[in-house]
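Now for the letters of each chain:
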Amino acid sequence: MERVRTSDIGAYVGRRVRVQGWLHALRLLGGVSFLVVRDGWGMVQAVTEDAADLAPLDEAGAGLETVLAVEGQVVAMPQAPGGVELHHPVIEVITPVRDEPPVPLSKREMKVALPTLLDHAVVANRHPARRAAFRLAAAAMAGFRATLQAAGFTEIQTPKIVASATESGANVFRLDYFGRDAFLAQSPQFYKQIMVGVFERVYEVGPVFRAEPHDTARHINEYVSLDAEMGFIRDHLDVMAQCRDVIAGMLAALGESCRAELDMLGVALPAVPAEIPRIHFADAQDLILARHGVDVRGEPDLSPQDERWLGEWAREAHGSDFVFVTGYPMRKRPFYTHPDPRRPEYSNSFDLLFRGTELVTGGQRLHRYEDYIAALSAAGMSPEPFSHYLEAFRFGMPPHGGFAIGLERLLMQLLGASNLRLVTLFPRDLNRLAP
């Protein structure tokens, strides 16, 4: 008999089907046995009043997480998971498991300490709620790709071993590359700019690495970055408009393909305004002083508390979970950032805050070769390590800009998770290299 996915069983009422998966739960209640099978798409319950039907499990000494196949009659049952259940089951044990799982997968919630959950992530990630979060991640990446493909962008994959650091001021992981110094890429920034000279519009989905010794709930040292770069822009406002459309497209993809996961996790998707409200960095600092009596003027960046306050303001003043902060000081931004022509101490850059936390960083880049030489000189940096990068600008690059979205940060804010590690498959941080 051909296998049927648990998500499709509702179409087979009145017929016998074969499902395969893991023994998620087994309950014996007053002579009636309930066996729950979990596969990669959902769960289905099998019910029997005949203890002999469970004999294959007993003979194999098989417990929870045993891999098995179950054949049974599909019966409509509104109170059952998914509205159907299997009657008269025939069980085949494929891979018996005799040890107790290290975390309680059959419980609605895994009430274990974060270190325990992460130590056993190879098993803990099977839990339906964690699986749902990672299904959302997959759909968000698909939505990112689909939105940009529809806007004429081309997907690229750039090297993750690079010869020079990308972001000034950020620590890098140093490698021995056959006797030469190399680094894990902090971002695909240089390469995606170079590829604007080839395709005009490019994007990438891939890992990036930051060797910053953070030990906070919102930082990890390897994460998934969703990057885009586009040419022939007027300024950073064009980039912000494209960023808005991408966020809207990603959330729409979640609504279309992950309704079951959203319902399981109790997540309501936020509305993305047709035009996301924005505030200049200097005005944001004045606003914080006026509303909260905290003078942060002169600071080159926003603190997490500053971001939370601005998120509250966006919700109160504009009814928006999103707000752009533009014009960050040039001294805080990388050397390739384009200054504001009217206020050169500020930049044509932005961050997008989502529910009071930075989600996106982007802006307009320099595009003239001589401007790069001047910017590197002003930063006390030699052009030599960037020679291949600068070659693209020697031979003509249009005004361009782009942005990067942190996938795990998006999930953390969307799900209201208390820690970025809860929405990361196998997090890498200051202390964790395994599993």
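Cut-offs applied
Residues numbered from 1 in each chain as written. Predicted model: local features only at pLDDT ≥ 70, side-chain atom pairs only at ≥ 80, totals over all residues. Heavy atoms only, no water. Helix = DSSP H or I, 4+ residues; strand = E, 2+ residues; numbered from the N terminus. Contact = heavy atoms within 4.5 Å. Lys, Arg positive; Asp, Glu negative; His and termini not counted. Charge placed at Lys NZ, Arg CZ, Asp CG, Glu CD. Core = buried A, V, L, I, M, F, W, Y, C linked by side-chain atoms within 4.5 Å. Buried < 20%, exposed > 50% of the residue type's maximum accessible area, 1.4 Å probe, protein only. Salt bridge = Lys/Arg side-chain N within 4 Å of Asp/Glu carboxyl O. Pairing = 2+ DSSP bridges. Axes fitted to C-alpha atoms, helices over the stretch in contact; angles between N-to-C directions. Expected span 1.5 Å × (residues − 1). Phe/Tyr/Trp six-rings, centres within 6.5 Å; stacked < 30°, edge-to-face > 60°. Lys NZ or Arg CZ within 6 Å of the ring centre and 35° of its normal.

### Regarding the overall build of the chain
A count of helical and extended segments in the chain gives 12 helices and 16 strands. Dimensions of the chain along its principal axes, counting C-alpha atoms only, are 80 × 55 × 40 Å. Sequence separation of at least 24 residues holds for 65% of the intrachain contacts in the chain that already meet a minimum separation of 6. Of note, the chain has its 44 positive side-chain charges centred 1 Å away from the centre of its 54 negative side-chain charges.

### A look at the nonpolar core
Soluble globular proteins: nonpolar side chains tend toward being buried together. Formed by 44 residues in total, the largest nonpolar core has its most connected members in Phe144, Ile247, Val360, Phe403 and Ile405. With residues up to four places along the chain from it excluded, the contact list for valine 360 reads Cys243, Ile247, Phe350, Asp351, Leu352, Phe403, Ala404 and Ile405. Among the nonpolar cores identified, the runner-up in size contains 19 residues, and Val17, Val37, Leu57 and Leu86 belong to it.

### Looking at the pattern of salt bridges
Under the counting rule described, the total for this entry stands at 24 salt bridges. In this structure, the salt-bridge partner of lysine 192 is glutamate 229, at a minimum N-O distance of 3.3 Å. Taken together, the residues lysine 192 in helix α5 (residues 189-199) and glutamate 229 in strand β11 (residues 222-231) connect sequence positions 37 residues apart. For the pair lysine 192 and glutamate 229, one class covers both residues: buried. Of the charged contacts, one joins arginine 355 and aspartate 321 as a salt bridge, the two residues approaching to 3.7 Å between their closest N and O atoms. Of the two residues, arginine 355 sits in the loop between β14 (349-354) and β15 (357-365) while aspartate 321 sits in the loop between α9 (304-318) and β13 (322-326), which places them 34 residues apart along the sequence. Taking relative accessible area as the criterion, arginine 355 reaches 33% and is therefore assigned partly exposed.

### Points about unusual backbone geometry
Omega for the bond connecting alanine 434 with proline 435 falls within 30 degrees of zero, at 0°, which places this linkage in the cis form. Structurally, proline 435 is set in the segment after α12 (407-415). One non-glycine residue, glutamate 65, lies in positive phi territory at about 75°. As for its placement among the helices and strands, glutamate 65 is situated in the loop between α1 (55-60) and β4 (67-76). Located in the positive-phi region is histidine 88, a residue other than glycine, with phi close to 50°. As for its position among the elements, histidine 88 is in strand β5 (residues 84-95).

### Some details on the sheet that holds β4
The five strands lie next to each other as β1-β2-β3-β5-β4, forming a closed barrel whose pairing is mixed. Across this sheet, the average inter-strand angle for adjacent strands is 50°, counted without regard to direction. Pairing geometry for strand β1 (residues 16-29) and β4, over seven bridges, is antiparallel. For glutamine 20, the partnering residue across the bridge sits in β4 and is alanine 69.

### Comments concerning helix α4 (residues 128-150)
Compared with the 33 Å implied by 1.5 Å per residue over 23 residues, the 32 Å span of α4 between its first and last C-alpha is a close match. Where α4 ends, the next residue or the one after it, glycine 152, has phi of about 85°, a positive value.

### Observations concerning the side chain of glutamate 65
Using a relative accessible area of 5% as the deciding quantity, one classes glutamate 65 as buried. Contact partners of glutamate 65, with chain neighbours within four places excluded, come to Trp22, Leu23, His24, Arg38, Val97, Pro101, Leu105 and Arg126.

### Points about the pairing of β13
With five of five residues buried, β13 lies mostly within the body of the structure. Alternating residues of β13 divide into Phe322, Phe324 and Thr326 and Val323 and Val325, and every residue in both groups is buried. Where strand β12 (residues 278-280) meets β13, three bridges bridge the pair, whose relative direction is parallel. For isoleucine 279, the partnering residue across the bridge sits in β13 and is valine 325. Pairing of β13 with β14, which is carried by five bridges, proceeds in the antiparallel orientation. Residue valine 323 lies in a different strand from β14, and its bridge partner there is leucine 353.

### Topic: the packing of aromatic side chains
Enumeration according to the criterion identifies 15 aromatic pairs in this entry. Ring geometry for phenylalanine 190 versus tyrosine 336: centroids 6.3 Å apart, planes at 85°, classification edge-to-face. Placement of phenylalanine 190 in helix α5 and of tyrosine 336 in the loop between β13 and β14 is noted, with a sequence separation of 146 residues between them. Accessibility expressed as a relative area gives 3% for tyrosine 336, which makes it buried. Plain terms: the ring middles of tyrosine 372 and phenylalanine 393 are 4.3 Å apart, the flat faces sit at 35° to each other, and that makes the pair tilted. Taken together, the positions of tyrosine 372 in helix α10 (residues 369-378) and phenylalanine 393 in helix α11 (residues 387-394) put the pair 21 residues apart, joining distant regions of the chain. We note that tyrosine 372, like phenylalanine 393, is buried. Positioned above the aromatic ring of tyrosine 328, the side-chain terminus of arginine 333 is 4.1 Å from the ring centre.

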